[in-house]
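One-letter residues, chain by chain:
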Amino acid sequence: GSYYQRLLGPCQRQKQTKQQDKNREKRIKRNEQSLQAIWDYVKRPNIRLIGVPECDGENEFKLENTLQDIIQENFANLAKQDTIQPQAIQRTPQRYSSRRPTPRHIIVRFTKIETKEKILRAAREKDQVTHKGKPIRLTADLSTETLQARREWGPIFNILNQQNFQPRISYPANLSFTFEGKIKSFRNKQVLRDFITTRPALQELLKEALYTERNNQYDPF
């Protein structure tokens, strides 16, 4: 106990505390990541509709009709093949803001992940999804951290897309693209950085996007 602590010089004690702090930070980060993974898994069969106007006396039945209208308007072929029946549908909880007259998002939960994937694929193929002719957005429902991680791939994704590498962002936030005939997948930028160190052409292509991202990113470890 304290006798041992006295024998250790203050320097040694400081070293110990620093190490404990570091371990604690690592533990917290690990917990946050596993929580995020659970949250994303829970939300996995969900779709988020953004920009659909709210109406008075809205209930689950009316929201389901709105969803069917959107599917008919945008993905008529999909509606022919399949009865798209949501398991649950609701607006996001009210976060009232007088400055923001925008409608709350609609969260649709499907029983099958395949249904969600089909709709998202159809939305990607159609440049603009609309509701009664007005543009709306249709996205996967993911945790804030995962959405942020997906956004950070943006500049790299665009470069790879222009150069015909057929990039994709897969669940939850992995970047994959075709390289030398094989599909390569990366869960974060560090893994991609390691991969391109031995591939000069790819490194040249991506160095700016990877490097600028790195400057803006605060990395505590």
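The preceding data block contains the structure.
Quick notes on the rules
Residues numbered from 1 in each chain as written. Predicted model: local features only at pLDDT ≥ 70, side-chain atom pairs only at ≥ 80, totals over all residues. Heavy atoms only, no water. Phe/Tyr/Trp six-rings, centres within 6.5 Å; stacked < 30°, edge-to-face > 60°. Helix = DSSP H or I, 4+ residues; strand = E, 2+ residues; numbered from the N terminus. Buried < 20%, exposed > 50% of the residue type's maximum accessible area, 1.4 Å probe, protein only. Core = buried A, V, L, I, M, F, W, Y, C linked by side-chain atoms within 4.5 Å. Contact = heavy atoms within 4.5 Å. Pairing = 2+ DSSP bridges. Axes fitted to C-alpha atoms, helices over the stretch in contact; angles between N-to-C directions.

Help me get a handle on the packing of aromatic side chains, residues and values and all.
This model, assessed by the stated rule, comprises 4 aromatic pairs. Taking the centre distance of 5.9 Å and the plane angle of 85° together, the rings of Phe165 and Phe177 count as edge-to-face. Here Phe165, found in the loop between helix H7 (154-162) and strand S6 (168-170), pairs with Phe177, found in strand S7 (residues 174-179); they are 12 residues apart in sequence, far enough to count as distant. Taken individually, Phe165 and Phe177 each receive the classification buried, so the pair is uniform in this respect.

An account of the nonpolar core is needed here, citing residue identities and associated values.
Core analysis: the largest hydrophobic core is formed by 23 residues, its most contacted members being Leu49, Phe75, Ile119 and Leu138. Elements supplying a minimum of two residues to this core: strand S1 (46-50), helix H3 (60-74), strand S3 (106-110), helix H5 (113-125) and strand S5 (134-140). Not counting the four nearest positions on each side in its chain, Leu138 is found in contact with Ile47, Arg48, Leu49, Phe75, Ile119, Leu120, Ala123 and Val129. Residues Leu175, Phe177, Phe186 and Leu206 belong to the second largest nonpolar core, which totals 15 residues.

Talk me through the sheet that holds strand S2 (residues 86-91); I want residue IDs and the actual numbers.
Taken together, the 5 strands give an open sheet; going across it, the order is S2-S3-S1-S5-S4, and neighbouring strands pair in antiparallel fashion. Either end of the sheet is taken by a strand with one partner, and the two such strands are S2 and strand S4 (129-131). For this sheet the average axis-to-axis angle between neighbouring strands, irrespective of direction, equals 30°. As judged from the 4 bridges shared by S1 and S5, these two strands associate in the antiparallel manner.

How would you summarise the environment of Leu49 if you had to cite specific residues and measurements?
Positionally, Leu49 belongs in strand S1. C-alpha separation for the pair Leu49 and Thr139, spaced 90 residues apart in sequence, amounts to 6.6 Å. Among residues more than four places away in sequence, those in contact with Leu49 are Leu67, Ile70, His105, Ile106, Val108, Arg137 and Leu138.

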